[in-house]
Amino acid sequence: MNITVCIVEDDAELRESISGYIDASPGFKCLGACGSAEEALMVIPKVKPKIAIVDINLPGMNGIECVRELVPLMPGLQIMMLTVYEDTNQIFDALAAGACGYLLKSTRPEKLLEAIMEILQGGSPMTSHIARKVVQAFKPAGTTAELKTHLSGREQEVLELLSQGCAYKEIASQMDLHLGTIRTYVQRIYEKLHVRCRTDAVVKYLGTASPAHRRSL
């Protein structure tokens, strides 16, 4: 069964490029390529993709507002932001709206497909630059050391690499382990930290948010 995707991007050339690449990739199918949030809100609930890739800087309703509208319409939809922005406020606003991942438009096409797979496996893909910004937005807390005691050495190593924005394949390569083993470690980490995604795990591991960021979340 194909992994179904919809694109929301106002740049026609980029929109066609991404949708064409997805359609040409075995196991993937682009069900719709929308040029605006308004169009997306009409198309996506009808075609029911598993993944929506949404640009932030859309004409009219922006991408973050689009995500806020889509989430209650399609609770099971997994949404990834694809944008030129690395602004911390934009990142947190998008994640708070319901996005599961946040990649730059400069991301290589094959990395985009890896990110789609990671989202479907319960992850929250981000480029290393964006992951670093998320990390820098949090300060160490007294609970961090306490949380570490619940994780094995290998699990801590995996979580550290997750916080750096590494994909599962990259972690497996760096740790010289099978991809399935990394997925098992990630699942155990989520269970031990009582979280459901990469972002929540990293946040809990690194500490509590500053007051300003807690308000934005």
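Keep in mind that what you see is a predicted model, and the values were worked out from it rather than measured. (Residues numbered from 1 in each chain as written. Predicted model: local features only at pLDDT ≥ 70, side-chain atom pairs only at ≥ 80, totals over all residues. Heavy atoms only, no water.)

Asks: How do you make sense of the overall build of the protein chain when you look at a structure like this?
Replies: Scanning the protein chain from N- to C-terminus turns up twelve helices and five strands. Residues classed as buried in the protein chain amount to 47% of the 217 residues present. Contacts in the protein chain between residues at least 24 apart in sequence constitute 67% of all its contacts with a sequence separation of at least 6. Summing over all exposed atoms, the protein chain offers an accessible surface of approximately 10,400 Å²; the carbon and sulfur share of this is 52%. (Helix = DSSP H or I, 4+ residues; strand = E, 2+ residues; numbered from the N terminus. Buried < 20%, exposed > 50% of the residue type's maximum accessible area, 1.4 Å probe, protein only. Contact = heavy atoms within 4.5 Å. Areas by Shrake-Rupley, 256 points an atom, 1.4 Å probe, with all protein chains shown as cover.)

Asks: Any chance you could explain helix 8 (residues 153-163) here in plain terms?
Replies: Spacing of three or four residues puts side chains on the same side of an α-helix, whose turn is 3.6 residues. Of all the positions in helix 8, only Glu155, Val158, Leu159, Leu161, Leu162 and Ser163 are classed as buried. Following helix 8 by one or two positions, glycine 165 adopts a phi angle in the positive range, close to 85°.

Asks: I would appreciate a short explanation of the side chain of serine 36 in the present structure.
Replies: Mapped onto the elements of the fold, serine 36 is located in the loop between strand 2 (28-34) and helix 2 (37-47). Apart from residues no more than four positions distant in its own chain, serine 36 is found in contact with Val8 and Leu58.

Asks: How should the pairing of strand 4 (residues 78-83) be read in this particular structure?
Replies: Where a strand is regular, its side chains alternate between the two sheet faces. Within strand 4, five of the six residues are buried, which leaves the element mostly enclosed by the surrounding structure. Here strand 3 (residues 51-54) pairs with strand 4 via four bridges, running parallel. Following the sheet pairing, isoleucine 53 is matched in strand 4 by methionine 80. Considered for its hand, the β-α-β crossover made up of strand 3, helix 3 (residues 63-73) and strand 4 is right-handed. Direction of pairing for strand 4 relative to strand 5 (residues 101-104): parallel, over a ladder of four bridges. Across the sheet, leucine 82 pairs through a bridge with leucine 103, a residue of strand 5. In the classification by handedness, the crossover that spans strand 4, the intervening helix 4 (residues 88-97) and the parallel strand 5 is right-handed. (Pairing = 2+ DSSP bridges. Right-handed = clockwise from strand over helix to strand, strands pointing away.)

Asks: Honestly, the nonpolar core in this entry has me stumped. Any pointers?
Replies: The tendency in soluble globular proteins is for nonpolar side chains to be buried side by side. Ile44, Val54, Leu77, Ile79, Met81 and Tyr102 are the most contacted members of the largest nonpolar core, which has 28 residues in total. For this core, the secondary structure elements donating two or more residues are strand 1 (3-8), helix 2, strand 3, helix 3, strand 4, helix 4, strand 5 and helix 6 (128-136). With 19 residues, the next largest nonpolar core counts Tyr185, Ile189, Tyr190 and Ala201 among its residues. (Core = buried A, V, L, I, M, F, W, Y, C linked by side-chain atoms within 4.5 Å.)

Asks: Explain the packing of helix 9 (residues 168-175) against helix 10 (residues 179-193) here, please?
Replies: Two packed helices can be described by the angle between their axes and the distance between those axes. One can describe the packing of helix 9 onto helix 10 by two numbers: an axis separation of 9 Å at closest approach and a directional angle of 110°. What the angle tells us is that helix 9 and helix 10 run roughly perpendicular. Together, Tyr168, Lys169, Ile171, Ala172 and Met175 of helix 9 and Leu179, Ile182, Arg183, Val186 and Tyr190 of helix 10 make up the contact between the two elements. Looking at the contact of helix 9 with helix 10 residue by residue, the class counts come to eight nonpolar, no polar and two charged. (Axes fitted to C-alpha atoms, helices over the stretch in contact; angles between N-to-C directions. Parallel < 35°, antiparallel > 145°, perpendicular 65-115°, else oblique. Nonpolar A, V, L, I, M, F, W, Y, C, P; charged D, E, K, R; others polar.)

Asks: Mind showing me how you'd approach the sheet that holds strand 3 here?
Replies: The strands making up a sheet associate through hydrogen bonds between their backbones, and the pairing can be parallel or antiparallel. Strand order in the open sheet made by the five strands is 2-1-3-4-5, with parallel pairing throughout. Either end of the sheet is taken by a strand with one partner, and the two such strands are strand 2 and strand 5. Pairwise comparison of adjacent strand axes, ignoring direction, gives a mean angle of 25° for this sheet.

Asks: Looking at this structure, I do not really get the packing of helix 1 (residues 12-24) against helix 5 (residues 109-120). What am I missing?
Replies: Where helix 1 contacts helix 5, the two axes come as close as 11 Å, and the packing angle between them is 65°. Judged by the inter-axis angle, helix 1 sits roughly perpendicular to helix 5. Crossing angle aside, the handedness with which helix 1 passes helix 5 is right-handed. In this structure, helix 1 uses Ile18, Tyr21 and Ile22 to contact helix 5, whose residues at the interface are Pro109, Glu110, Leu112 and Leu113. (Left-handed = near helix turned anticlockwise from the far one by under 90°.)

Asks: Could you clarify how one ought to interpret the environment of leucine 95 in this entry?
Replies: Along the chain, the position of leucine 95 falls in helix 4. Given the relative accessible area of 16%, leucine 95 is considered buried. Residues leucine 95 and valine 67 lie 28 residues apart in sequence; the distance between their C-alpha atoms is 9.5 Å. Dropping the residues within four chain positions of it, leucine 95 is found in contact with Met126 and Thr199.

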